[in-house]
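# Survey of secondary and tertiary structure
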Amino acid sequence: MAEGFISQKRFWIQRLSKTMLRALHILGVVGSGGGIIIAADKALWINYWYLAMATGVILMLWEVVRDWRWLIQLKGVLTLLKLGLLCLFIPLANHKPEILTLIVFLSVIVSHGPAGLRHYSLVHRRVIDSKKEIKG
């Protein structure tokens with residue numbers, strides 16, 4: 001088997017798995033984000049929070065295991081920045097809606113920005129190609 005080649009079946013299993021994880025992650029972000037923004041009772045949105053955090057960790061691990069260089073590419077660095085911003089929920093609890101808005105803004109940049117932006121390495125100061133990605 002050629003290096004980097006995966007079977008059609010494995011490709012579709014990985015693609016659909018990643019798509020499902022992303023869908024669950026977005027559901028968790030929307031559910032918890034809505035509760036945070038409208039200051040709803042925590043009991044109403046906390047399970048969405050758990051869903052967002054669990055799927056986010058799985059998606060990050062997926063990327064790091066696939067190619068460690070994700071951590072030095074802008075897409076990985078911005079994801080780690082979003083985690084840092086989440087940590088500000090504790091000391092800046094009164095500003096959760098604003099912090100969440102910034103996190104969502106960064107998410108859109110990471111997800112929908114051009115490949116040259118997402119794959120830019122802060123260490124190498126240039127775009128570095130990753131191993132073949134399974135989109136999702």
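In what follows, the accompanying structure is described. Values in this document were obtained by computation on a predicted structure and should not be read as measured data.

Each value, and the rule that gives it
- Residues numbered from 1 in each chain as written.
- Predicted model: local features only at pLDDT ≥ 70, side-chain atom pairs only at ≥ 80, totals over all residues.
- Heavy atoms only, no water.
- Axes fitted to C-alpha atoms, helices over the stretch in contact; angles between N-to-C directions.
- Helix = DSSP H or I, 4+ residues; strand = E, 2+ residues; numbered from the N terminus.
- Parallel < 35°, antiparallel > 145°, perpendicular 65-115°, else oblique.
- Left-handed = near helix turned anticlockwise from the far one by under 90°.
- Contact = heavy atoms within 4.5 Å.
- Nonpolar A, V, L, I, M, F, W, Y, C, P; charged D, E, K, R; others polar.
- Phe/Tyr/Trp six-rings, centres within 6.5 Å; stacked < 30°, edge-to-face > 60°.
- Buried < 20%, exposed > 50% of the residue type's maximum accessible area, 1.4 Å probe, protein only.
- Salt bridge = Lys/Arg side-chain N within 4 Å of Asp/Glu carboxyl O.
- Lys, Arg positive; Asp, Glu negative; His and termini not counted.
- Polar contact = N/O pair within 3.5 Å; in protein donor to acceptor, adjacent residues only side chain to side chain.
- Core = buried A, V, L, I, M, F, W, Y, C linked by side-chain atoms within 4.5 Å.

## What to know about the packing of helix H2 (residues 42-66) against helix H3 (residues 74-87)
In contact at an axis separation of 12 Å, H2 and H3 are set at 150° when each is read in the N-to-C sense. Considered as vectors, H2 and H3 are oriented roughly antiparallel to each other. Considering only the axes of H2 and H3, their crossing is left-handed. Contacts between H2 and H3 involve Trp-49, Met-53, Met-60 and Arg-66 from the former and Lys-75, Thr-79, Leu-80, Leu-83 and Leu-86 from the latter. When its residues are assigned to classes, the contact of H2 with H3 shows 6 nonpolar, 1 polar and 2 charged.

## Examining the packing of aromatic side chains
For the structure on display, the rule yields 3 aromatic pairs. Between Phe-11 and Trp-12, the ring centres sit 5.3 Å apart and the planes meet at 85°, which makes this aromatic pair edge-to-face. Judged by its relative accessible area of 22%, Phe-11 falls in the partly exposed class. For Trp-12, a relative accessible area of 43% corresponds to the partly exposed category. When the centroid spacing of 6.3 Å and the interplanar angle of 75° are considered together, the rings of Trp-45 and Trp-49 count as edge-to-face. Remark: Trp-49 and Trp-45 occur in helix H2; sequence separation between them is 4 residues, near one turn of the helix. The residues Trp-45 and Trp-49 share a single accessibility class, namely buried. Grouped by ring-pair contacts, the aromatic residues Trp-45, Trp-49 and Phe-89 constitute a single cluster.

## Quick look at unusual backbone geometry
Of all residues except glycine, most have a negative phi; of all peptide bonds, most are trans. In this structure, Ala-39 is a non-glycine residue whose phi angle is positive, near 55°. Structurally, the position occupied by Ala-39 is in the loop between helix H1 (8-37) and H2.

## A closer look at the pattern of salt bridges
Counting across every chain of the model gives 3 salt bridges. The closest approach of N and O atoms between Arg-66 and Glu-63, which form a salt bridge, is 2.9 Å. Note that Arg-66 and Glu-63 are positioned in helix H2 at a spacing of 3 residues, about one turn of the helix. As far as burial versus exposure is concerned, Arg-66 and Glu-63 are alike and both buried. Taking the shortest distance from any N to any O, the salt bridge between Arg-69 and Asp-67 comes out at 2.9 Å.

## With respect to the side chain of Lys-82
By secondary structure assignment, the location of Lys-82 is in helix H3. The side chain of Lys-82 sits in the buried core without any salt bridge; Glu-63 is the nearest counter-charge, 11 Å away. Within the structure, the side chain of Lys-82 is placed 2.9 Å from the side chain of Ser-107, a separation counted as a polar contact. Not counting chain neighbours up to four residues away, the residues in contact with Lys-82 comprise Ile-103, Leu-106 and Ser-107.

## Considerations on the nonpolar core
In this structure, Ile-36, Trp-49 and Phe-89 are the most contacted members of the largest nonpolar core, which totals 14 residues. Elements supplying a minimum of two residues to this core: H2, H3 and helix H4 (96-112). No other element matches H4, which puts 5 residues into this core. Leave out the neighbours within four places in its chain, and Ile-36 touches Trp-45, Trp-49, Phe-89, Lys-96, Pro-97 and Leu-100.

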